[in-house]
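Fold and geometry: a report
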Amino acid sequence: MSAEKELIFELSKPGRVAYSLPENDVPDVDPKNLLPEGMIREIPAEFPEVSELDLIRHYTELSRRNHGIDNGFYPLGSCTMKYNPKVHEDVVRYPGFAKIHPFQPGETVQGALQLMYELQQDLAEITGMDQVSLQPAAGAQGEWTGLMMIRAYHESRGETKRNKVIVPDSAHGTNPASATVAGFEAVTVTSNNEGLVSVADLKKVVGEDTAALMLTNPNTLGLFEREIKEIADIVHKAGGLLYYDGANANAILGKTRPGDMGFDVVHLNLHKTFTTPHGGGGPGSGPVGVKDVLVPFLPVPVVSIGEEGYFLNYEGPQSIGRVKAFNGNFGMLVRAYAYIRTMGPDGLRQISENAVLNANYMMKRLEKYFDVPFKQHCKHEFVLSGNRQKKQGVRTLDMAKRLLDFGVHPPTVYFPLIVEECMMIEPTETESKETLDQFIEVMGKIAKEAEENPEVIQEAPHTTLVKRLDEVRAARKPVLRWEKGNALQDK
Amino acid sequence: MTYRYLPMTEQDRREMLSVLGIESVDELFQDIPEGIRFQGSLAVPKPLSEPALTKHMGRLAQKNASFDQYASFLGAGAYEHYVPSVVNHVISRSEFYTAYTPYQPEISQGELQAIFEFQTMICELTGMEVANSSMYDGPTALAEAAGVASSVSGKKKILVSAAVHPEARHILAIQAKGLGLEVIEIPCREGITDLERLQAASDSDTAGVIVQSPNFYGNIEDLSLIEPIAHQHKGIFIVSANPVSLGLLKPPGEFGADIVVGDAQPFGIQVQFGGPHCGFFAVTRKLMRKVPGRIVGQTVDEEDVRGFVLTLQAREQHIRREKATSNICSNQALNALAAAVHMTALGKEGLQKLARLNFSKAHYAQEQLSRLPGVEPLFEQPFFNEFAVKLSKPVSEVNKALIKQRIIGGYDLGRDDEALIGSTLLAVTEMRTKEEIDELVAELEGLL
């Protein structure tokens, strides 16, 4: 493969087609006879003109310029890049799931509604919550939905001055952003030197204006917030509620439940813990579960069961309303449901046990090469610091790029923000010990290179089709689309 | 029991525990306080083998009436169109579907380039200068557009046409609550936005005007008359559009729209009970730095080779955190890819033909139905592939009878608006044959 690949538009040749449309079996209607002149398009959209084989070769080559889980290890912290089972991709394409309309009469979609109903039940059980809405399209939308429910809850009690959401300094960026978009002010609670929420600081931050605390547990450092009960008590006593960011739920299946920890609302990322493919950035799915106290505020509809079977239940006078059109990301729900049915209760527990053992094993074996900022057992992920290597002139970014030369997707880097030169590693349970050992070996090799031959890391990657890309230029002189004649010349 | 997704053997476990110097995995969970450790077994069903799973899933699927067995006239925001075989083959390449967001561009050029091409196609389609890499769906894209209008103008009032999809208006309402925006609904007149009411509501506090065209009732709005009202007080003009219609209709960009949103679902994405679909978000170059979500840009590598990266990230939540104007993180990349493949397959000519087919079929159906006693066109407006008619019997009763004949009837407009009880919204895409349309007409003739 050459380094540079033509755009589909650059392959276009007038006269070639890749479409096959049904014959028109009704009288052809000329829009000019029915529409006002000014409404009709005069300049056609410049879509590429290629044959079907051109199309297939183009996208096949693009796929070969891309790295997915099926290509190799993908220890991207906080993203839970586990294996995406193939059978899920088959069942979701059954016509009875793929080719049904959200507005069909209930009696014609009983199978789909049953699946959603059972998934609501299963996710409530797994999280220790009382009721689940499958509507949110992604984790961030789940966060916002949860916060809007919390807002409605406080307002229903006449507590309109609770305008602050407390977020740890180790939190995902979506947490404070969701708080802002839900109309709250995000305030930070700091972490202590063990990497956990500082209870002392929390006591200072919490107050009559507290609407909620958002927490990921285990947190983004991969550490379990041991003082969660006390944290929950502090927030509840102050009149606030607790929000559980389910990004790290892969650590706790069958081991502990947000509902039992004292959380009032939780979202799950089905594209993390429940194997729905990340798809190169989406689609995801972010169901929310709530305790009884928040059930009245859940988005509608939820799926209920009645005398005539399953139905979309729009009852909910205090509901915050609808957050997503139709029935949420149903295709992702089908996959998550299939996964839960495949694993069963013991399988779910083993997922978390193996994920946690894998992470601890890697952390232990990597500690001789890299700084481990928090020396205690981790959960499903852990962080390393590249500080030692930085002194040798090698940055974490350089090491990430060097990993590309070994066919490994790098860990999450420079996050959480509270660890310098951070690398956040999440192996998941679907990776074998051999894969972990290979990664550890590669990391050891890179650590050695940093001492002996830092240039090879600083100049990495060496084996990829393109080398490091000029991101500053991309942002300063944005070229965000192809235009006739601009592409190859206007570099 | 063993699980095919869990490769850890007993021997692996022992070796790993021994490296850690511990006896059992439970020791790794000692930091969970005893009181909140989960005891016993989760009350979820027992595990199924793959053969048992596929059988179970097959049975659930068979309980649903699919488009393969029923002729559907449902639209109302989600449309059955032909999905070419190439789409499924491309999106089934696991290099695409098992990848994360392309944060490591050197090994993600395929995804990045495909999205760059998608952005270009959305720009071409809508007549806009910049498009992002996709949004959750059309309705959430519309709600986000209201946020952009407010952030750009520094004002809080959003005027939205009552002919915008009702679910999109619901989502807009809750989004507006979060952002502290005031939403004023502009009523319809004869199935399109009432321009006098729009003019009356528009003032110097107006941040933006939102219309949908073709609107929820299928009617085409006259954007040339709405644009001056939207812009008279420097508001942002937001148009939601059905992308297939833009093969035939003048794109909103040519009418001076500032933001064009919609859902790319009609291009290569299955209806699948309502999601996941694929929102698109296109703007003028002026608003480029206000767009929510991810954007792919072109650049070069150290050897001057063209490549693509995620760009303008200073807008996004992972950088801006609480200062972000949107919390969107994921997009619908795989569905954007599906849409790009379908748009490529259609090409310049196929897009126009597809639009014309939809237009012809819908007009044939409307004409045939309008001849029936008991069926009356609800509006006298230009439409694309969807139209509303008033029936002489309750819509739910009619739809029930149609189901028995393997026909999925239209959307009951009385669901959202009491004034429209008895009216149904029918979509007729290229998938409906003349025979199926004639059958619908014959059935209705018998029923009404």
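Since we're looking at a predicted model, the values are computed, not measured.

Examining the overall build of chain A
Helix and strand counts for chain A stand at 16 helices and twelve strands. Since a compact globule built from 491 residues should have a radius of gyration of about 23 Å, the 25 Å found for chain A is in line with a globular shape. Viewed in the frame of its principal axes, chain A has a C-alpha envelope of about 75 × 70 × 45 Å. For chain A, buried positions account for 67% of its 491 residues. Counted over contacts in chain A with a minimum sequence separation of 6, partners at least 24 positions apart contribute 70%.

A short note on the sheet that holds strand β7 (residues 288-290) of chain A
Residue and element names in this part refer to chain A. Judged by pairing direction, the sheet is mixed, and its seven strands sit side by side in the order β1-β7-β6-β5-β4-β2-β3 without closing on themselves. Only two strands of the sheet have a single partner each, and these edge strands are β1 (131-133) and β3 (185-189). Shown here is a sheet whose adjacent strand axes are inclined to one another by a mean of 25°, direction ignored. Of the strand pairs in this sheet, strand β2 (residues 164-168) and strand β4 (residues 210-215) are connected by three bridges, and their pairing is parallel.

Focus: the interface of chain A and chain B
Taken residue by residue, the interface counts 208 residues in chain A and 189 residues in chain B. Across the chain A/chain B interface, buried area totals approximately 17800 Å², and carbon plus sulfur atoms make up 63% of it. Along the contact surface separating chain A from chain B lie 13 salt bridges. One salt bridge in this structure joins B:Glu106 and A:Lys401, with 2.9 Å as the shortest N-O distance.

Section: the domain arrangement of chain B
All names here are of chain B. Once the domains are mapped, chain B shows domain 1 (71-82 + 348-447) and domain 2 (85-342). Listed per partner, the contact involves 29 residues of domain 1 and 24 residues of domain 2. Between domain 1 and domain 2 the total buried area reaches about 2100 Å² when both faces are included, carbon and sulfur atoms providing 66% of it. By the criterion of area lost to domain 2, the three top residues of domain 1 are Phe-379, Gln-381 and Phe-384, representing 25% of everything that side buries.

Topic: the UniProt feature "domain: Glycine cleavage system P-protein N-terminal" (unreviewed entry) in chain B
Mapped onto this structure's residue numbering, the UniProt feature "domain: Glycine cleavage system P-protein N-terminal" (unreviewed entry) falls at residues 4-443 of chain B. Between the C-alpha atoms that bound residues 4-443 of chain B the distance is 51 Å, and the span itself is 37% helix and 16% strand.

Looking at the UniProt feature "domain: Aminotransferase class V" (unreviewed entry) in chain A
In the numbering used here, UniProt assigns the feature "domain: Aminotransferase class V" (unreviewed entry) to residues 161-279 of chain A. A helix fraction of 24% and a strand fraction of 22% characterise residues 161-279 of chain A, whose end C-alpha atoms lie 41 Å from each other.

What to know about the packing of helix α13 (residues 396-404) of chain A against helix α14 (residues 433-452) of chain A
Residues and elements named next belong to chain A. Running from amino to carboxyl end, α13 crosses α14 at an angle of 130°, the nearest separation of the two axes being 11 Å. Comparing their axes, α14 and α13 come out oblique. Taken as a pair, α13 and α14 cross one another with a handedness that is right-handed. On α14, the residues that touch Met-399, Arg-402 and Leu-403 of α13 are Phe-439, Val-442, Met-443, Ile-446 and Glu-449. Taken together, the residues of the contact of α13 with α14 break down into six nonpolar, no polar and two charged.

What counts and how
Residues numbered from 1 in each chain as written. Chains lettered and ligands numbered in written order. Predicted model: local features only at pLDDT ≥ 70, side-chain atom pairs only at ≥ 80, totals over all residues. Heavy atoms only, no water. Helix = DSSP H or I, 4+ residues; strand = E, 2+ residues; numbered from the N terminus. Rg over C-alpha atoms; globule rule 2.2 N^0.38 Å. Buried < 20%, exposed > 50% of the residue type's maximum accessible area, 1.4 Å probe, protein only. Contact = heavy atoms within 4.5 Å. Pairing = 2+ DSSP bridges. Axes fitted to C-alpha atoms, helices over the stretch in contact; angles between N-to-C directions. Buried area = accessible area lost by both parts, 1.4 Å probe. Salt bridge = Lys/Arg side-chain N within 4 Å of Asp/Glu carboxyl O. Domains from an automatic or database assignment. UniProt positions renumbered as here; feature names shortened; annotations may be inferred. Parallel < 35°, antiparallel > 145°, perpendicular 65-115°, else oblique. Left-handed = near helix turned anticlockwise from the far one by under 90°. Nonpolar A, V, L, I, M, F, W, Y, C, P; charged D, E, K, R; others polar.

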